[in-house]
Amino acid sequence: MLPRLEELLEAKNIFVRNRKKRRTRSLGILLYHYGLSLRKCRDIVSSFEDISHESIRKWYLRVDTIFTISKAYREVIAVDETKVKINGKLYILWAAIDISTWEILGVWVTKGRASLEAYSFLKYVLRKCENTPKILVDGGPWYKPALERLHIEWEHVTFGLRNPIEQWFFLLKHRIKLFYRNWPYHATVDSTQQWIDCFVSMYHLTRS
């Protein structure tokens, strides 16, 4: 995985300045992605090259485009949402996954959870589809009006086929336990969205 990440950092020209070695950056990014605190990552990586924990944080926030999902034919997509806390306030995190490939097709952080947000998120997810796939949702009342407006085939499913999206949320929540489900002080909706985009990009990279 480390060599693969190094190759992508170079191929996509993520870091224009080469003040630090790609191996150092790649190791710091991977360790942080897998759940180590920034300071623990610094302690480990500093044995190879002197760095700060703030450098690792900034490196991680540059990998949101390191692995992107292409538009493709998709049969079934599962959509779900959960609550996240940012600076003491609750927000909604939406996510959609192709249940066949386990590709995350979209993640959005919003203030509200209503049919308008569901409609906008679903339209965004459909950009990753060459066709109009079937959508699986839970019992949230915000989905039905949005799906009917989009004229999409859908089904209310609680378990079974929706397991991929449930398992992905489990992975995400396990990772953000380091933040105690509350993002660092001074975090914003935009910075939280950026961090999650990076998490998704690294999730795809580590699965590839």
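Residues numbered from 1 in each chain as written. Predicted model: local features only at pLDDT ≥ 70, side-chain atom pairs only at ≥ 80, totals over all residues. Heavy atoms only, no water.

A. Quick peek at the pairing of strand β2 (residues 89-98). With eight of its ten residues buried, β2 lies for the most part within the structure. Where strand β1 (residues 76-86) meets β2, ten bridges bridge the pair, whose relative direction is antiparallel. By the bridge assignment, A78 is partnered in β2 with I97. Judged from the six bridges that link them, β2 and strand β3 (residues 104-110) form a sheet pairing that is antiparallel. Bridge pairing links A96 to G106 in β3. Between β2 and β3, which pair antiparallel one after the other, the connecting turn spans five residues, and W102 there sits at a positive phi close to 65 degrees. (Buried < 20%, exposed > 50% of the residue type's maximum accessible area, 1.4 Å probe, protein only. Helix = DSSP H or I, 4+ residues; strand = E, 2+ residues; numbered from the N terminus. Pairing = 2+ DSSP bridges.)

B. Structural view of the nonpolar core. Ranked by size, the top nonpolar core spans 50 residues in total, and within it I29, W168 and W195 carry the most contacts. Tallying contributions element by element places helix α8 (residues 189-207) first for this core, with eight residues. Setting aside residues no more than four positions away along its own chain, I29 makes contact with L5, L9, F15, W59, Y60, V63 and M202. (Core = buried A, V, L, I, M, F, W, Y, C linked by side-chain atoms within 4.5 Å. Contact = heavy atoms within 4.5 Å.)

C. Layout of the sheet that holds strand β5 (residues 154-156). The sheet built from five strands is open, its strands ordered β3-β2-β1-β4-β5 with mixed pairing. A strand with exactly one partner marks an edge of an open sheet, and here the two such strands are β3 and β5. This sheet shows a mean twist of 25 degrees between the axes of neighbouring strands, independent of strand direction. Alignment of β1 against strand β4 (residues 134-137), held across three bridges, turns out to be parallel. Across the sheet, the residue bridging to I77 is I135, located in β4. Sheet contacts for helix α7 (residues 163-176): β1, β2 and β3; angle to β2, the most-contacted strand, approximately 135 degrees. The strands touched by α8 are β1, β2 and β3; relative to β3, the strand with the most contacts, the crossing angle is about 165 degrees. (Axes fitted to C-alpha atoms, helices over the stretch in contact; angles between N-to-C directions.)

D. Region of the structure containing the side chain of R74. Secondary-structure assignment places R74 in the loop between α4 (53-60) and β1. Judged by its relative accessible area of 2%, R74 falls in the buried class. Side-chain polar atoms of R74 contact the side chain of D98, separated by 3.0 Å. In this structure R74 touches I69, D98, T101, E103, L105, K128, C129, N131 and P133, once residues within four positions along its chain are discounted. (Polar contact = N/O pair within 3.5 Å; in protein donor to acceptor, adjacent residues only side chain to side chain.)

E. The pattern of salt bridges, seen in detail. As enumerated under the stated definition, the model contains ten salt bridges in all. Two residues, R42 and D43, come together in a salt bridge whose shortest N-O distance is 3.1 Å. Given the relative accessible area of 25%, R42 is considered partly exposed. Residue D98 is joined to R74 by a salt bridge in which the shortest nitrogen-to-oxygen separation is 3.0 Å. Remark: R74 occurs in the loop between α4 and β1 and D98 occurs in strand β2; sequence separation between them is 24 residues. (Salt bridge = Lys/Arg side-chain N within 4 Å of Asp/Glu carboxyl O.)

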